[in-house]
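# Observations on the model geometry
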Amino acid sequence: LLAVETPKTLETVTTRITGSVRELCAAAAIECRARGYEPFLLTDCLCCEAREAGSFLASVARTHARAGKDLAFLAGGETVVHRRGGRSQELALAAADGIAGLSNVLIASAGSDGTDGPTDAAGGIVDGGTAAEMRLRGIDPVRALADNDSYHALRSVDSLFITGPTGTNVNDISLVLVRSEE
């Protein structure tokens, strides 16, 4: 509980914190477990370049792709994009090439407020076939990433995550899902 004196009215304002990125990650872990995944929280304070986070999460996926278990890796926080575009979309696009060819992996990233940069998308969702599908449609995911054009690249393959405004904002959440191969 935080009490603050407001200068204009001299009234006391009470602020209640009802959510946090840690709670968002915990809720996601509960949902993953309910769907049969074993969840692992990687961090709830992710704070690096979006494309570096995407590359890292793709590496996590590749490491565990043959684990023989249904796994979920969670990362909450807020990454950075220095030019234009949405950070969650850029993270997803950066992960696409790293998981290329893995039929049992999905990586998703989204802003908890339902928006990501100056777009209508909350983020992006990619799997092991996303990069190849982009190339079939004439889009080079590496070039799109270099041009900070993740929105159009992801839109071309229906990989945008669109929720509309959620009424909350407790950072972003990224998720790596790995299904056991049967």
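These remarks concern the structure in this document. (Residues numbered from 1 in each chain as written. Predicted model: local features only at pLDDT ≥ 70, side-chain atom pairs only at ≥ 80, totals over all residues. Heavy atoms only, no water.)

## Side note on the overall build of the protein
Basically, it comes down to this: Each helix corresponds to a stretch of at least 4 residues labelled H or I by DSSP, and each strand to a stretch of at least 2 residues labelled E; elements are numbered beginning at the N terminus. Here's how the labels work: a residue is buried when its accessible area is under 20% of the maximum for its type, exposed when over 50%, partly exposed in between, all with a 1.4 Å probe on protein chains only. Here the accessible surface of atoms and residues is derived via Shrake-Rupley with a 1.4 Å probe, and residues count as covered only by protein chains that are part of the display.
Helix and strand content of the protein: six helices and eight strands. In the protein, the order of α-helices and β-strands from amino to carboxyl end is β-β-α-β-α-β-α-β-β-α-α-α-β-β. Within the protein, the proportion of its 182 residues that are buried is 43%. For the protein, the computed accessible surface area is about 9,800 Å², with 54% contributed by carbon and sulfur atoms.

## So, the pattern of salt bridges
Basically, it comes down to this: Think of a salt bridge as a Lys or Arg side-chain nitrogen and an Asp or Glu carboxyl oxygen that are within 4 Å of each other.
One pass over the full model with this rule turns up ten salt bridges. A salt bridge links arginine 179 to aspartate 70; the shortest N-O distance between them is 2.6 Å. Residue arginine 179 is found in the segment after strand S8 (172–178), and its partner aspartate 70 is found in the loop between helix H2 (50–64) and strand S4 (71–77); the two are separated by 109 residues along the sequence. A residue is classified by how much of its surface remains accessible, and arginine 179, at 37% relative accessible area, is partly exposed. On the basis of relative accessibility, which here comes to 19%, the residue aspartate 70 falls in the buried class. Of the charged contacts in the structure, one is a salt bridge between arginine 135 and aspartate 140, with a shortest N-O distance of 3.9 Å. Residue arginine 135 is classed as partly exposed on the basis of its relative accessible area, which comes to 40%. Note on aspartate 140: relative accessible area 37%, which makes it partly exposed.

## Considering the packing of aromatic side chains
Just so we agree on the cut-off: Two rings belonging to Phe, Tyr or Trp (six-membered ring only in the last case) form a pair when the distance between their centres is within 6.5 Å. Interplanar angles under 30 degrees mark stacking, angles over 60 mark edge-to-face geometry, and anything in between is tilted.
For the structure on display, the rule yields one aromatic pair. Measuring from ring centre to ring centre gives 5.5 Å for phenylalanine 40 and phenylalanine 73, while their planes differ by 20°; the resulting arrangement is stacked. Separated by 33 residues along the polypeptide, phenylalanine 40 in strand S3 (residues 38–46) and phenylalanine 73 in strand S4 bring together distant segments of the chain. Accessibility expressed as a relative area gives 34% for phenylalanine 40, which makes it partly exposed. Assessed through its relative accessible area of 5%, phenylalanine 73 is described here as buried.

## Description of the side chain of threonine 79
We apply this condition: Contact criterion: two residues are considered in contact whenever any of their non-hydrogen atoms come within 4.5 Å of each other.
Mapped onto the secondary structure, threonine 79 falls in the loop between S4 and helix H3 (87–98). Leaving out residues up to four positions away in the same chain, threonine 79 has contacts with Leu46, Cys48, Glu49, Ala50, Ala53, Arg87, Leu91 and Asp172.

## A look at the environment of glycine 101
Here glycine 101 lies in the loop between H3 and strand S5 (105–111). The exposed category is assigned to glycine 101, whose relative accessible area is 66%. Along the primary structure glycine 101 and alanine 132 are separated by 31 residues, whereas in three dimensions their C-alpha atoms are 8.5 Å apart.

## Examining the packing of H2 against H3
Applied cut-off: Between N-to-C directions, angles cover 0 to 180 degrees, with each direction set by a line fitted to C-alpha atoms, over the stretch in contact for helices. The scheme is simple: roughly parallel for angles under 35 degrees, roughly antiparallel for over 145, roughly perpendicular for 65 to 115, oblique for anything else. With the far helix as reference, a near helix turned anticlockwise by less than a right angle produces a left-handed crossing, and one turned clockwise produces a right-handed crossing.
Following both chains from N to C, one finds H2 and H3 inclined at 40°, their axes separated by 7 Å at the closest point. Judged by the angle between their axes, H2 and H3 are oblique. As for the relative orientation of H2 and H3, their crossing is right-handed in sense. Residues Ala50, Arg51, Ala53, Gly54, Ser55, Leu57, Ala58 and Arg62 of H2 form the contact with H3, whose participating residues are Arg87, Glu90, Leu91, Ala94, Ala95 and Gly98.

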